[in-house]
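Here are the chains, one letter per residue:
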Amino acid sequence: MPAVLALLASLMWGLSDFLAGLASRRAHVLQVAALSVPLGAVSLVVLAVVLPGRLTAQAVWLGAAAGVAGVGGLVLLYYVLAAGPMGVVSPLTAVVSAVVPVVVGLVIGERPGVLAYLGMLLTVVAIVLVSMEPRHDDDALHQRVVLRIVVLAVASGIFIGIYMAIIGLAPSDSGVWPVTVSRSVSGLLILASALTRMVGAALPRAVLLPALLIGTMDSVANVFFRLAVQSGMLSVVSVLAALYPAATVLLARYYLHERLRPVQQLGMVTALGAAALLALG
């Protein structure tokens with residue numbers, strides 16, 4: 001069950017990231033985040049009340065810490081998804097975000113089986129293969145990979161990895177309250193930043209519906225991830241959840257016509273094999 005929940009989280013995150021990248025090409029990244037994150041936080045509050053779990057002091061401060069890390073990773077991710085090719089920056093961020101919780105999991109004593117270790121290795125290979133983006137002449141502005149985009153994508157991955165690790169360390173009896181507190185803190189920080197920097201800026205109507213979908217999908221993904229780490233190993237669950245670029249890349253392929261090379265197709269197949277090994281391990 002933890003493996004299934006982690007894969008569902010990766011699917012929801014992949015869909016959310018794709019929509020966030022598109023919306024951030026039509027409006028400022030802060031505008032998109034200022035709409036989507038608070039909307040997601042509201043839906044999480046509802047889920048936290050309905051689902052079993054105790055709101056403890058530890059869940060609150062861990063959730064708040066995760067929220068600070070999460071807001072940095074989220075804003076940077078939306079920015080690089082809008083500024084660079086999604087098929088490159090999304091997998092790069094995913095690889096980095098998977099490393100942090102894996103290291104934390106091993107440090108706290110998790111010892112996955114041999115198949116799980118092999119699955120982790122194959123996951124990294126799969127993400128790298130998927131990220132081998134072909135040259136594309138159309139929409140040249142969003143197809144260039146420059147050092148600044150790479151650095152920001154890595155930074156986004158580090159912040160997201162810290163977020164995942166903290167959520168994984170929250171008390172098991174706290175339900176989804178840690179992610180609820182986290183997204184609430186993230187929403188307040190983003191709103192404050194948006195109000196400070198973008199007073200009077202017009203919000204394109206075209207991003208209203210995407211923002212609602214982004215917030216909802218991100219919330220559902222966070223719930224799936226939280227439920228997965230409650231019953232599974234952080235090191236294994238986080239790697240499975242890091243497969244979210246597969247959904248982003250496929251959507252970019254069919255919607256934005258970002259062509260998939262044979263090596264990227266091999267990466268998709270490798271990702272499926274990695275997921276199976278992690279589930280078995």
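Residues numbered from 1 in each chain as written. Predicted model: local features only at pLDDT ≥ 70, side-chain atom pairs only at ≥ 80, totals over all residues. Heavy atoms only, no water.

**With respect to the packing of aromatic side chains**
- Scanning all chains against the criterion turns up 1 aromatic pair.
- Between Trp-13 and Phe-225, the aromatic rings sit 5.7 Å apart at their centres with planes inclined by 50°, giving tilted as the arrangement. Placement of the pair is Trp-13 in helix H1 (residues 2–23) and Phe-225 in helix H8 (residues 208–231), with a sequence separation of 212 residues. For the pair Trp-13 and Phe-225, one class covers both residues: buried.
- The ring centre of Tyr-163 lies 5.2 Å from the NZ or CZ of Arg-183, which sits over that ring. (Phe/Tyr/Trp six-rings, centres within 6.5 Å; stacked < 30°, edge-to-face > 60°. Helix = DSSP H or I, 4+ residues; strand = E, 2+ residues; numbered from the N terminus. Buried < 20%, exposed > 50% of the residue type's maximum accessible area, 1.4 Å probe, protein only. Lys NZ or Arg CZ within 6 Å of the ring centre and 35° of its normal.)

**Regarding the nonpolar core**
- In terms of nonpolar packing, the biggest core is built from 63 residues, with Trp-13, Tyr-78, Ile-190, Ile-214 and Phe-225 touching the most fellow members.
- Sequence-distant contacts of Tyr-78, defined by excluding residues within four places in its chain, comprise Ser-16, Ala-20, Ser-24, Val-29, Val-32, Ala-33, Ser-36 and Ile-214. (Core = buried A, V, L, I, M, F, W, Y, C linked by side-chain atoms within 4.5 Å. Contact = heavy atoms within 4.5 Å.)

**Observations concerning the packing of H1 against helix H3 (residues 57–83)**
- Where H1 contacts H3, the two axes come as close as 8 Å, and the packing angle between them is 65°. Viewed along their axes, H1 and H3 form a crossing whose handedness is right-handed. Residues Ser-16, Asp-17, Ala-20 and Gly-21 of H1 form the contact with H3, whose participating residues are Leu-77, Tyr-78, Leu-81 and Ala-82.
- Of the residues contributing to the contact of H1 with H3, the split by class is 5 nonpolar, 2 polar and 1 charged. (Axes fitted to C-alpha atoms, helices over the stretch in contact; angles between N-to-C directions. Left-handed = near helix turned anticlockwise from the far one by under 90°. Nonpolar A, V, L, I, M, F, W, Y, C, P; charged D, E, K, R; others polar.)

**Some points on the confidence of the model for the protein**
- Chain-level pLDDT for the protein is 79 on average; 84% of the residues reach the 70-or-more range.
- Scored below 50 in pLDDT, residues 135–142 makes 13 contacts in the model with residues more than four places away or belonging to other chains. (pLDDT = per-residue confidence, 0-100.)

**Considerations on helix H6 (residues 147–169)**
- Given a rise of 1.5 Å per residue, 23 residues ought to cover 33 Å, and the 33 Å separating the end C-alpha atoms of H6 matches this to within 8%.
- Burial in H6 covers these residues: Ile-149, Ala-153, Ser-156, Gly-157, Ile-160, Gly-161, Tyr-163, Met-164, Ala-165, Ile-166 and Ile-167. (Expected span 1.5 Å × (residues − 1).)

**Looking at the environment of Val-207**
- Along the polypeptide, Val-207 turns up in the loop between helix H7 (177–197) and H8.
- Residue classification places Val-207 among the buried residues on the basis of a relative accessible area of 1%.
- Separated by 182 residues in sequence, Val-207 and Arg-25 place their C-alpha atoms 9.7 Å apart.
- Residues within four places of Val-207 in sequence aside, it is in contact with Ala-23, Arg-26 and Ala-27.

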